[in-house]
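Each chain is listed here by its residues.
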Amino acid sequence: MNTKNKEMQEDIELLLPWHAAGTLSRRDAERVERALANDNELASRYELVREELGEAIRLNESLGAPSARAMQSLFAKIDAEPVRTPRTSFNVAAWFTGFVSSFQPRTLAYAAGAAAIAILLQAGFLANFVMQDSQGGPTLASHGTPQNGTGAYVLIRFNPQASVSDISTFLAEHKASIAGGPAAGSGLFRLKVAEKPVGQAELGAIVKRMQGNPVVGFTVPAAQ
Amino acid sequence: MQVLFARHHVRVYRFTLRLVRNEATAEDLISEVFLDVWRQAGKFEGRAAVSTWLLAIARFKALSVLRRKPEQELDDETAEAIEDTSDNPEVALQKKEKGAILRKCMDALSAEHREIIDLVYYHEKSVEEVAEIVGIPEATVKTRMFYARKKLAELLKAQGIERGWP
C-alpha cells in the first residue's frame, strides 16, 4: 500500500508542470489539487514550478517576432509553386471542419471564455459610454479618457475552468479591470490593479493575493 | 494561409529560434514550415490541434538544420549559452535578480530540455501533444520534463540559488 501511495505521489509530482500550465484533464487536475491541499511539501514544490512557468513565458516573450521578410519569402515561394488542378486544390470547407473539430475541450473553453469576456468588456464600455454621455452630454472623441493612463498593471491568465461570473467576482474583489488582452496564443490579459503606479513590493503583494484565488491560473507583475 | 500565418507564425518562430539559436535561420525555417503546410493542407486529418502540427513540422526542420551544422559551431553556441560564470555565486546574486538567473539557466539547458520546457510552459502543450510533437511515449515526456527541471535546479545551484528541490 505504501509503495502504491509513493507511486501515486511521484505520478502527481510529474504532473505539476502541466497543472501549472492548465493543460491537464479535469480529472487529473482534481487529483493534483487534492494532493496539493494535503501535502505542504508538494505545495511548496508547486510554487517552484509556477516560478519556472513565469520565467519561461518571459523568456519566450522576449524573443520578439520575425521580420516581414519571412512572410514575403513564404508568399513568393507560394507564387512560384505550380498551379494546382481542381482535384488537388485545397478544400477550404473540409480543412475548416477539420480545423474546428481538432480543438480540444480546453482550447474551446479558452475561446468561449475569451469570447464571453470580450462581450462583457463591450457591455462595460457601452454602459460606461452611455453613463458618461448622459451625465456630460455630447463629447468629442479627442476629449475622452486616455487609453493608456498611468496605474499599476499585472499580466494574468485565468484558469480555463473559471466561469465569467467567477472572473467578474474576482475583478470586483480586487478592484481590478481588464486593460488589454488576451494576447494571441498565450491567453494573457493585462489587468489594471491600481489607479496610480505602486512600488514593486506592493505590486508583488497584490500578485501574491491574486495567486491564491482559484480563478487565477498564473499572474506576474507587468511593466508600469 | 494569411490568417493561419498571422495566427501562428510568432509562436512557431520563437519555438524554432530557441532550437536553432539564430534569427535569420529561424525566419527561413518558418517560411519553409508554412510552405509545407500550404502544400500538405489536404493531408491534415484534424486529429491534432493545428499548432501541434505546425510545431512538429518546425521541430523536424530545425533538427535537420542542426544536423547539417558543423560540430564546432554547436560547441561555440553551447559555450556562449553558459558563459559569464566567472562571478562567484554571491556576486552573481547581487548583480542579477533571481528571475534573470532562472531565465539564463533555462537558456543554458540542452536543446532537448529547452524544447520540453518551452512546449509545456510556453506553448501549453499537454502530455499527449508533446509526445506527438517530439515523437516519444507519454511516460517519457513526463520523465524528460522531470529531468529537465532537475537539471535546471542544478544549474541554479551552481549560480548560488538553492531551491530545496530535488
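Residues numbered from 1 in each chain as written. Chains lettered and ligands numbered in written order. Predicted model: local features only at pLDDT ≥ 70, side-chain atom pairs only at ≥ 80, totals over all residues.

Novice: Quick question: what am I supposed to make of the overall build of chain B here?
Specialist: If you tally the helices and strands in chain B, you get nine helices and zero strands. Starting at the N terminus and walking to the C terminus, you meet the elements of chain B as α-α-α-α-α-α-α-α-α. Looking at the 166 residues of chain B, the share that counts as buried comes to 40%. (Helix = DSSP H or I, 4+ residues; strand = E, 2+ residues; numbered from the N terminus. Buried ≥ 20, exposed ≤ 12 C-beta atoms within 10 Å, placed from the backbone.)

Novice: Just checking my understanding: could you explain the nonpolar core for this structure?
Specialist: Proteins that are soluble and globular tend to have nonpolar side chains buried together. Judged by nonpolar contacts, the single largest core of 72 residues is most densely connected at A:Val154 and B:Val120. It is helix 1 (residues 2–20) of chain B that provides the largest number of residues to this core, a total of seven residues. (Core = buried A, V, L, I, M, F, W, Y, C linked by C-beta atoms within 7 Å.)

Novice: How should the interface of chain B and chain A be read in this particular structure?
Specialist: It is common to give the size of an interface as the accessible area lost on bringing the parts into contact. Contacts between chain B and chain A engage 45 residues on the former and 39 residues on the latter. Contributions of two or more residues to the side of chain B that touches chain A are made by helix 1, helix 2 (23–40), helix 6 (98–107), helix 7 (111–122) and helix 9 (138–158) of chain B. In the side of chain B that touches chain A, the residues fall into 26 nonpolar, six polar and 13 charged. (Contact = placed C-beta atoms within 7 Å. Nonpolar A, V, L, I, M, F, W, Y, C, P; charged D, E, K, R; others polar.)

Novice: Looking at this structure, I do not really get helix 2 of chain B. What am I missing?
Specialist: Working note: α-helix, 3.6 residues per turn, so residues spaced by three or four point in the same direction. Taking 1.5 Å of rise per residue, 18 residues should cover 26 Å, and helix 2 of chain B covers 26 Å from first to last C-alpha, within 8% of that figure. Within the sequence span of helix 2 of chain B, burial applies to B:Ala26, B:Glu27, B:Leu29, B:Ile30, B:Ser31, B:Glu32, B:Val33, B:Phe34 and B:Val37. (Expected span 1.5 Å × (residues − 1).)

Novice: Is there a simple way to think about the confidence of the model for chain A in this case?
Specialist: Predicted coordinates in areas of low pLDDT are best not read in detail. With 74% of its residues at a pLDDT of 70 or more, chain A shows a mean pLDDT of 78. Every residue in residues 136–147 of chain A scores below 50 in pLDDT, and together they form one contact with partners more than four places removed in sequence or on other chains. (pLDDT = per-residue confidence, 0-100.)

Novice: It is not clear to me how helix 7 of chain B should be interpreted in this structure. Could you clarify?
Specialist: Residue and element names in this part refer to chain B. Over its twelve residues, helix 7 runs 15 Å from end to end, which matches the ideal 16 Å to within 8%, given 1.5 Å per residue. Among the residues of helix 7, Arg-114, Glu-115, Ile-116, Ile-117, Asp-118, Leu-119, Val-120, Tyr-121 and Tyr-122 are the ones counted as buried. Phi turns positive, to about 55 degrees, at Glu-124, one or two residues after helix 7.

Novice: Help me understand the environment of A:Val193 in this model?
Specialist: Residues and elements named next belong to chain A. Along the chain, Val-193 falls in strand 3 (residues 189–194). Accessibility expressed as a C-beta count within 10 Å gives 25 for Val-193, which makes it buried. Separated by 41 residues in the primary sequence, Val-193 and Ala-152 have C-alpha atoms spaced 5.6 Å apart. With sequence-adjacent residues up to four places away left out, Val-193 is seen in contact with Ala-152, Tyr-153, Val-154, His-174, Ala-176 and Ile-206.

Novice: Sorry if this is basic, but what is going on with the packing of helix 8 (residues 127–134) of chain B against helix 9 of chain B here?
Specialist: In helix packing, the relevant descriptors are the interaxial angle and the interaxial distance, both defined with respect to the helix axes. All names here are of chain B. Their axes nearest at 8 Å, the elements helix 8 and helix 9 cross at an angle of 95 degrees. One element, helix 8, and the other, helix 9, form an angle in the roughly perpendicular class. The segment helix 8 lies against helix 9, with Val-127, Glu-128, Val-130 and Ala-131 engaging Glu-138, Val-141 and Lys-142. (Axes fitted to C-alpha atoms, helices over the stretch in contact; angles between N-to-C directions. Parallel < 35°, antiparallel > 145°, perpendicular 65-115°, else oblique.)

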